[in-house]
Each structure stands twice: as C-alpha cells, then as structure tokens.
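# Results of the structural survey
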There are 2 protein chains.
Amino acid sequence: MSPRKSVAEALSTRAAILERSVAIASSEGLEGLTIGRLAAELGMSKSGVLGHFGSKEALQLAVLDRAGEIFRTEVWEPARPAAPGLTRLRVLCEAWISYLERGVFPGGCFFVAAAHEFDGRPGPVRDAVAARFDAWRGRLRKEAGRAVDAGELPAGTDPDQLAFELLGAVMALNHALQLHHDPMAPSQARHAIRTRLTT
Amino acid sequence: MSPRKSVAEALSTRAAILERSVAIASSEGLEGLTIGRLAAELGMSKSGVLGHFGSKEALQLAVLDRAGEIFRTEVWEPARPAAPGLTRLRVLCEAWISYLERGVFPGGCFFVAAAHEFDGRPGPVRDAVAARFDAWRGRLRKEAGRAVDAGELPAGTDPDQLAFELLGAVMALNHALQLHHDPMAPSQARHAIRTRLTT
DNA sequence: CCTACCGATCGGTAGG
DNA sequence: CCTACCGATCGGTAGG
C-alpha cells in the first residue's frame, strides 16, 4: 500500500524519465524540457520527477549523459573493429553521417543543439557539452594523425585542421537536414569528407 | 502633457527597442528575448513595448529583419566593389569570417543561432530564417558559378557543393568561437576556405 | 512517490 | 505610452 517503489522500480522509473527527456530535449532543447511537461507525459507529479534528480540542472546533466551513451553506441562503437588510421576514420565519419541521416535524435545532433543553447550560459551544463566536443574532436584528430603517420593521407596534413574540416562538413549537414530537410545534403557531406580522406 | 509621442519619437523608440532586442536575442535567443526584460531594460512598461509590434512573434520577425540589415552591411556590402567571380567570393568569405571574429553579434552568427532555435518549430519565424539562409547560399553559389565559368576554379567544380563546404567551414568556426573561444579557429577556417578557393 | 502550495515570470489585454 | 490586471506556467519546497 506504500507509494514507495522498490530500488529496481525506482531505477526503471528514472530510466523512463531519461528516455522521455532525451526525446523532448532533442527537439525542444534542454531548457524547453520542463518538469511540468515531463510529469504530464509520464503520468507523474512534478515532485515525483524532480525527486529522481534534485534539480532541473541535474536532470539536464543526466540527459546529456544518456544522449552521450546513445552517441557512443551509434557512432563510436561501429568503428571499433575497423583498422586504426584512415579506415577507422572513414568508418567514424560514415557512422556520424548515418546517425544524422537516420534521425537518431529527432532534433538532429543532440550536442550541436545543446552547444548552441548553452554556449552563452556558463555553468556545468555548458562545461559538459564542451568536454564532449573536446573528446570527439580529439578522437578524430588522433585517428587522422595515425593515418598521416601511416602514409594513408598526404604528408604534411595537419590532423587538427582535418578534424576542423570534418566537423564543418557534418555541421553543414546537420543544419541542412534540420532547417531545410534537404535530401541532397547527405551526399554533399559524404563528398566533402571523401575529398578530404583521400590520399 | 500627453503620454503620446510624435511619429518621429515613436520611430526612434521602436528603433531603440530593436537595438536592445538584437543584443539580447543574440546571446539569449529569440525565445529568451522576453517582453518583460526588454521593458525593464528600456525603462518602459510591457504594454508600451508590445504596442510597437503587437505580439512577441511580430517582434521576433522585426528583430530578424534588423539583424539581417546588420549582416548585409557587414558581409554583403564589402563585396560590392569586388570583381564578380573568385575575387568577390573571396571577399565575401573574408567578410563573413571577420564578422564572426569581431563578434558583431555577441552570441555569434545571429542566423545560425536562430536556425538551431527554430528548426523544430514550424511557423513564420522559422520560415524567415530559412529564407535568409537560402538567399545567402544562393549568393555564394552564384558567385562560385561565375568563378567556374571564368576558369578561376577547376573545371567541373560544383558551385552548390562548394557553397555547402564554405558554409561548413564557417559553421565550424562559429561553433569553435562560441563554445571553446578557440583562438586558432579563425585561421583554420581561413585555411579551409583558401584551399577550396584556389585554382 | 503524492497533494498542495510558494513566489516569480510568461505573453497578452482592457481601458484610458 | 501608462496602470492594473488575466490565466498559465515555471522551478522548487513542505510535509507526508
């Protein structure tokens, strides 16, 4: 008769809140994700939702973590079996484009959206977003460096410059898909990346 | 003794509201721009502010227009005296990068921010943002086409693909400046663009 | 996990 | 251009 739930139930409730939060925040933003809406959609009270996280900011950080797990599964993992260097870099980029093309998040890249939303608001959320971009760009740079060292890319190629340009192509893709629903954009992004990842 | 202002005064009040609105919306977003905050910062009542536009959405559209005037002055105009084709395309890109580097809008590119904020919200604001991107990308494409026709760029260069890649480089720049305050980013963007705009 | 509530703020309106 | 107000919603808390 107690309204208290078991630990297992509490965990699955928490997971359900996060699942719904990722869906909402993906299209409405991490600030547009409100406790009241979340509670209504989940058939819970606001305090029930908030009890799992403590504050809206803590919820936002947890949502970012959950979105990071999804990005890792969709984009990092497929590249694990690939050979280090150029091959793996190509697989990473193709998984990255495919993740946008398939609309894994309805609002496009979760982190690009979060970056734009929080780049002017100092705090833990902004820091968490920036850290994820640093990690991702570092990943691209590392693999690019291996490709250059192995002679798979032209000698003198700057891995950091290459990572910058790959990021640009994918950001242009994300933008074209979200704002224009442009069906040509994925092939344009693939073309841009292929040009940059050819000896 | 009347609180009513003359037409000239009303126009300058309207201009003052828009100036402040552009500043706020640039860093907080077009949705973060609230009537109450605007009124407080301008020492006016909310209804006084709203009377000039009628609704928040109408205000947002007016702010977009004002930001468009600034973009035109900063980025389109400097290219007018340049020779059509590759020369003008280079001037356009340099003005575009400089506009971001100088922080003409404190929140970075006003339209990239607005695009991310509204790409998931159908309506007049979203349509206005999309139309501005279409116009700008068309401008880049047209000048790229002239450059190809004049033999200033390699034969077979696709003007639309080139516009896509230029947009990507600048979006990566905007992102790096806003999220990381990365001082290397402008030179990386210039390098990426120079590579693409060389015979 | 709930009900019931808090102060603040939102966009907008009535009436002058 | 103002005061005074509307209903809705925000994040969060008290107390159970």
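Here the residue numbering is sequential within each chain, running from 1 through the sequence in written order. As a convention, the first chain written is A and the first ligand written is 1, with the rest following in written order. Predicted model: local features are reported for residues with pLDDT of at least 70 only, side-chain atom pairs are reported and counted for 80 or more only, and whole-chain, interface and lining totals are derived from all residues. Side-chain numbers here rest on the full set of heavy atoms in the structure, without hydrogens or water.

What follows deals with the UniProt feature "DNA-binding region" (unreviewed entry) in chain A. Taken from the UniProt record, the annotation "DNA-binding region" (unreviewed entry) applies to residues 34-53 of chain A. In this text, helices come from DSSP runs of H or I with a minimum length of four residues, and strands from runs of E with a minimum of two, each type numbered from the N-terminal end. Annotated as residues 34-53 of chain A, this span is 70% helix and 0% strand, and its ends, taken at the C-alpha atoms, are 13 Å apart. UniProt positions are given in the numbering used here, feature names are shortened, and annotations may be inferred rather than shown by experiment.

In this analysis, two residues are considered to be in contact whenever any of their non-hydrogen atoms come within 4.5 Å of each other. Facing the 36 residues of chain A at the interface are 36 residues of chain B. Approximately 3,000 Å² of surface area, both sides summed, lies buried where chain A meets chain B, with 58% of it carried by carbon and sulfur atoms. Among the residues of chain A in contact with chain B, Phe164, Leu179 and Gln188 of chain A are the three that bury the most area, contributing 22% of the side total. Think of a salt bridge as a Lys or Arg side-chain nitrogen and an Asp or Glu carboxyl oxygen that are within 4 Å of each other. There are 2 salt bridges connecting chain A and chain B. As a salt-bridge pair, Glu165 of chain B and Arg196 of chain A come within 3.1 Å of each other at their nearest N and O atoms. Looking at the side of chain A that touches chain B, the elements that each hand over two or more residues are helix 6 (110-118), helix 7 (124-149), helix 8 (159-180) and helix 9 (185-196) of chain A. When two parts are put together, the accessible area they lose, computed with a 1.4 Å probe and summed over both, is reported as buried area.

Before going further, it helps to spend a moment on the protein's contact with DNA strand D. The nearness test applies per residue and asks whether one of its heavy atoms lies within 4 Å of the molecule or strand. Taken together, 17 residues form the shell around DNA strand D, and within it Thr34 and Lys56 of chain A together with Thr13, Ser45 and His52 of chain B come nearest. Here a polar contact means two N or O atoms within 3.5 Å. Within protein one must be a hydrogen donor candidate and the other an acceptor candidate, and residues neighboring in sequence count only if both atoms are side-chain atoms. Ile35 of chain A has a polar backbone atom sitting 3.1 Å from a phosphate oxygen of DNA strand D. The separation between a base oxygen of DNA strand D and a polar side-chain atom of Ser47 of chain B is 2.9 Å. Contributions of two or more residues to the surface near DNA strand D are made by helix 2 (35-42) and helix 3 (46-51) of chain A together with helix 3 (46-51) of chain B.

This part covers the packing of aromatic side chains. Residues and elements named next belong to chain A. Working definition: a ring pair exists when centres of Phe, Tyr or Trp rings (six-membered ring for Trp) sit within 6.5 Å. Plane angles under 30 degrees give stacked, over 60 give edge-to-face, the rest tilted. Tallied over the full model, the rule gives 16 aromatic pairs over all chains. Measuring from centroid to centroid gives 5.8 Å for Phe110 and Phe111, while their planes differ by 65°, and the two rings are edge-to-face. Each member of the pair, Phe110 as well as Phe111, is classed as buried. One aromatic cluster is present, built from ring pairs that chain together Phe71, Trp76, Trp96, Tyr99, Phe105, Phe110, Phe111 and Trp136. Here, a charge over a ring is recorded when the distance from Lys NZ or Arg CZ to the ring centre is within 6 Å and its angle to the ring normal is within 35 degrees. The lysine or arginine in question, Arg121, covers the ring of Phe118, its NZ or CZ lying 5.2 Å from the ring centre. When a residue's accessible area, from a 1.4 Å probe over protein chains only, is under 20% of the maximum for its type it is buried; when over 50% it is exposed; and in between it is partly exposed.

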